[in-house]
Amino acid sequence: MRAATDERQKNMNSKKTLKSYFFSLNSKERFSLGIRILLLLSYSAILMVMRCDIGLTIYDTYITIIGMIAAALFFGPVLFSIVFCPLVLILAIETHLFFTYGYSLLSFGAQLGRLISDTNKAEILEYIPKLGMPEVTMLALFVLCLPGLFFYKPKMTGISKLWKSAIFITVFLSCAFGCVSRTRLMFLSIFSSERADILAKVNAFHFFPYKQKTKADTVVLLIGESHRQAEFSPAFDKYASRFPFLYRFSDMISQYPGTIDSIPMILSRKKATDHMPFFHEKSIFSLFKEAGYETYFVHYVNTSSEKNELSLIYREADNFIQYEKNITAETDKKILPVLDEILSKPAAKKLIVIKMIGAHVSFANRYPRSNAFFKNVIAAFKKPTKEKELYHYNNAISYSAEIIADIMTKINNRKEPSLLFFSSDHGICIFDKGSFHLPPNCQNAFHIPAMILLNPALNKITKQTAKDNLACNTDKPLTEEYDFETIATLAGITYPAADKKYDLTQHCNPLKGKKRPVYFINETALYEDL
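Residues numbered from 1 in each chain as written. Predicted model: local features only at pLDDT ≥ 70, side-chain atom pairs only at ≥ 80, totals over all residues. Heavy atoms only, no water.

S.K.: Mind laying out the overall build of the protein, listing which residues take part and the relevant values?
M.R.: From N to C terminus, the protein includes 20 helices and 10 strands. Taking all 530 residues of the protein together, the buried fraction comes to 52%. Sequence-distant contacts, at least 24 apart, represent 78% of the contacts inside the protein between residues at least 6 apart. Looking at the protein as shown, the accessible area adds up to about 24500 Å², and 63% of this sits on carbon and sulfur atoms. (Helix = DSSP H or I, 4+ residues; strand = E, 2+ residues; numbered from the N terminus. Buried < 20%, exposed > 50% of the residue type's maximum accessible area, 1.4 Å probe, protein only. Contact = heavy atoms within 4.5 Å. Areas by Shrake-Rupley, 256 points an atom, 1.4 Å probe, with all protein chains shown as cover.)

S.K.: Would you mind going over the state of the cysteines in detail, with residue names and values included?
M.R.: Taken as a whole and judged by the stated rule, the model has two disulfides. Across the disulfide from C429 sits C442; the S-S distance is 2.1 Å. On the sign convention where negative is left-handed, the bridge of C429 and C442, at about -120 degrees about the S-S bond, is left-handed. One end of the pair, C429, is in the loop between β6 (418-424) and β7 (447-454); the other, C442, is in the loop between β6 and β7, with 13 residues separating them in the sequence. Here C429 and C442 have matching classes, each one buried. Across the disulfide, C472 is cross-linked to C508 (sulfur-sulfur distance 1.8 Å). Judged by the sign of its S-S torsion, about -70 degrees, the cystine formed by C472 and C508 is left-handed. Pair noted here: C472 is in helix α19 (residues 464-473) and C508 is in the loop between α20 (483-491) and β9 (517-520), with a separation of 36 residues, a long-range link. We classify C472 as partly exposed; its relative accessible area is 29%. Each bonded cysteine of the protein gets a number by its place in the sequence, and the pairs then read 1-2, 3-4. (Disulfide = S-S within 2.5 Å.)

S.K.: Outline unusual backbone geometry, listing residues and values.
M.R.: Of note, the bond from V361 into S362 is cis; its omega dihedral lies within 30 degrees of zero at 15 degrees. For S362, the location among the structural elements is in the loop between β5 (350-355) and α16 (372-379). A cis amide bond, omega -5 degrees, links L438 with the succeeding residue P439. Mapped onto the elements, P439 comes out in the loop between β6 and β7. Positive phi, normally seen in glycine, also occurs at F208, with a value near 55 degrees. Relative to the helices and strands, F208 resides in the loop between α10 (195-204) and β1 (218-224). Phi is positive for N509, which is not a glycine, with a value near 55 degrees.

S.K.: Please provide a residue-by-residue account of the packing of helix α4 (residues 77-101) against helix α7 (residues 133-145), values included.
M.R.: With their axes 8 Å apart at the nearest point, α4 and α7 run at an angle of 165 degrees to one another. Accordingly, the angle class assigned to the pair α4 and α7 is roughly antiparallel. Considering only the axes of α4 and α7, their crossing is right-handed. The residues of α7 that touch α4, namely those facing F84, C85, V88, L91, A92, T95, H96, F99 and T100, are P134, E135, M138, L139 and F142. (Axes fitted to C-alpha atoms, helices over the stretch in contact; angles between N-to-C directions. Parallel < 35°, antiparallel > 145°, perpendicular 65-115°, else oblique. Left-handed = near helix turned anticlockwise from the far one by under 90°.)

S.K.: How would you sum up empty space enclosed by the protein? Please name residues and give values.
M.R.: Under the definition given, this model contains three cavities of 30 Å³ or more. Roughly 90 Å³ of volume is contained in the largest cavity. Lining the largest cavity are 14 residues, with F279, E281, E309, L312 and I313 positioned closest to its centre. (1 Å grid on protein atoms, 1.4 Å probe; cavity = no way out; pocket = protein on both sides within 12 Å on 5 of 7 lines; lining within 4 Å. Points joined across faces, edges and corners; volume = space filled by probe spheres on them.)

S.K.: Before we move on, can you summarise α7 with the specific residues and values?
M.R.: Its 13 residues place the ends of α7 18 Å apart at the C-alpha level, agreeing with the 18 Å of an ideal helix rising 1.5 Å per residue. Where the residues of α7 are buried, they touch α2 (27-50) and α4. (Expected span 1.5 Å × (residues − 1).)

S.K.: How would you summarise the side chain of N473 if you had to cite specific residues and measurements?
M.R.: With respect to the secondary-structure elements, N473 resides in helix α19. N473 sits in the buried class, given a relative accessible area of 0%. Every residue in contact with N473, bar those within four places of it in the chain, is listed here: F249, L478, L504, H507, C508, N509 and P510.

S.K.: Give me the pattern of salt bridges: which residues, what numbers.
M.R.: Under the counting rule described, the total for this entry stands at 17 salt bridges. Across the salt bridge formed by D237 and R248, the nearest N and O atoms sit 3.0 Å from each other. Taken as a pair, D237 in helix α11 (residues 229-240) and R248 in strand β2 (residues 246-253) lie far apart in primary sequence, 11 residues in all. Of the charged contacts in the structure, one is a salt bridge between D318 and K289, with a shortest N-O distance of 3.9 Å. Highlighted residues: D318 in the loop between α14 (309-314) and β4 (319-322) and K289 in helix α13 (residues 284-290), separated in sequence by 29 residues. The class of D318 is partly exposed, set by a relative accessible area of 37%. On the basis of relative accessibility, which here comes to 33%, the residue K289 falls in the partly exposed class. One continuous salt-bridge network, built from bridges that share partners, spans E225, K355 and D425. (Salt bridge = Lys/Arg side-chain N within 4 Å of Asp/Glu carboxyl O.)

S.K.: With reference to specific residues and values, describe the packing of aromatic side chains.
M.R.: Counted under the stated rule, the structure contains 16 aromatic pairs. With 5.5 Å between their ring centres and 15 degrees between their planes, F232 and F236 make a pair best called stacked. Here F236 and F232 lie together in helix α11, a separation of four residues that amounts to about one turn. For the pair F232 and F236, a shared accessibility class is recorded, and that class is buried. Pairing F297 with Y314 gives two aromatic rings, centres 4.0 Å apart and planes at 15 degrees, and the pair type is stacked. Of the two residues, F297 sits in strand β3 (residues 294-299) while Y314 sits in helix α14, which places them 17 residues apart along the sequence. When its relative accessible area of 5% is taken as the criterion, Y314 is described as buried. (Phe/Tyr/Trp six-rings, centres within 6.5 Å; stacked < 30°, edge-to-face > 60°.)

Functional significance is not addressed by these values, which are geometric in nature.
Below, the structure is given as structure tokens:
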């Protein structure tokens, strides 16, 4: 009986202590606590309003708010900031995805994680002007209130261990199972559990090309960025007559609308139906290295800091060259002197893979123009329109087409047999179906330019049947899956596992009327039906 009375008295004292705790705060601490409560109310209101739009369950909403109440009242400045900052950032991302593209972290999390792993500082800086007023206001409010948070330093000495444990457990559970849990797809895409197994297979893989004399001493693979066939083809028409042995494929598509998925299909034997982030074979770099080539990868950014499936491919090259330290409107023009330097090196056989910045968004930054800086600042405050974006896009494509023609000229004029293959990685939607860029649900997001150039010396030693089949395929429906085997054959490299059904020099019209599947943001469609 006495023990029960003591327990009740202990609980009453705990409640009394908890109540008196708040009245013991000085004016600065109360001001700081007021700011916390203001932030908490603002955050909770936005979360409740956005809940249905971003697919947040009522369970996730309430557990997040309860956890934030506990953190706001009882956590010190540093610990509160550690808990609250990620939640504000997550909500800002959710808000931006919804108002800009109509997505949420639940539907777009995996793709966002892979995009983050493949992005760079320059691309992040260029993207900042695309942030909308709701998310900017949210972040600005938090930043302005942040200094006031540090006046409040709760003293937990008067609170029992039971209450302390309850508070910390509540906050932990809210982080683990509330809004933060919605980022799991984003992080799972970056830290793939299959990565170690696939990397082991990659490291053990070899092509074992046959010992024979190759045909092309110089092979250049030029990969564009967001070039659409509809705009590129007329822009390149005026240069095409320079190259008598040029094959232009008018109905080539990428089956993915993003770089991180499309480039492995160009540089390796990965097929569109393989949805794993990493591929279990090595890339074209290793095939050519085994065949005796010195290999080069030329990029506008330093990929050594990237940790994704693309960097795994790029690191197979013998040499990496960053052709531009600072991205400008004339970035791709810097490819020309770098290519000259590589071509002058003494190695008898070279594979050179070049990744252009091409027509990467933002289009206005991809071609030279007067007073570009001030025009970009003004444009950042204006809503993008189809007319404005297409105007800049067409100018960027025209500038890019000229550079591509200059690169082709260098290869075409070489004395030794030389091959150049050009393909964009993917296209892009520019208000084709009412929205800009995302969702990529239009044909222009997949329809890309692709060309094969044989210089006169290589044309002379290439079989006529191979050239006839290439010519026959120029107007046939194709995908990037046919790039790898076709390039290897034209270079004169054969190997035991070569799959000739993906070789455009072996037959014409390989798809024979079959519709081509395309994949974007958890959806599969047929390109012809878009």
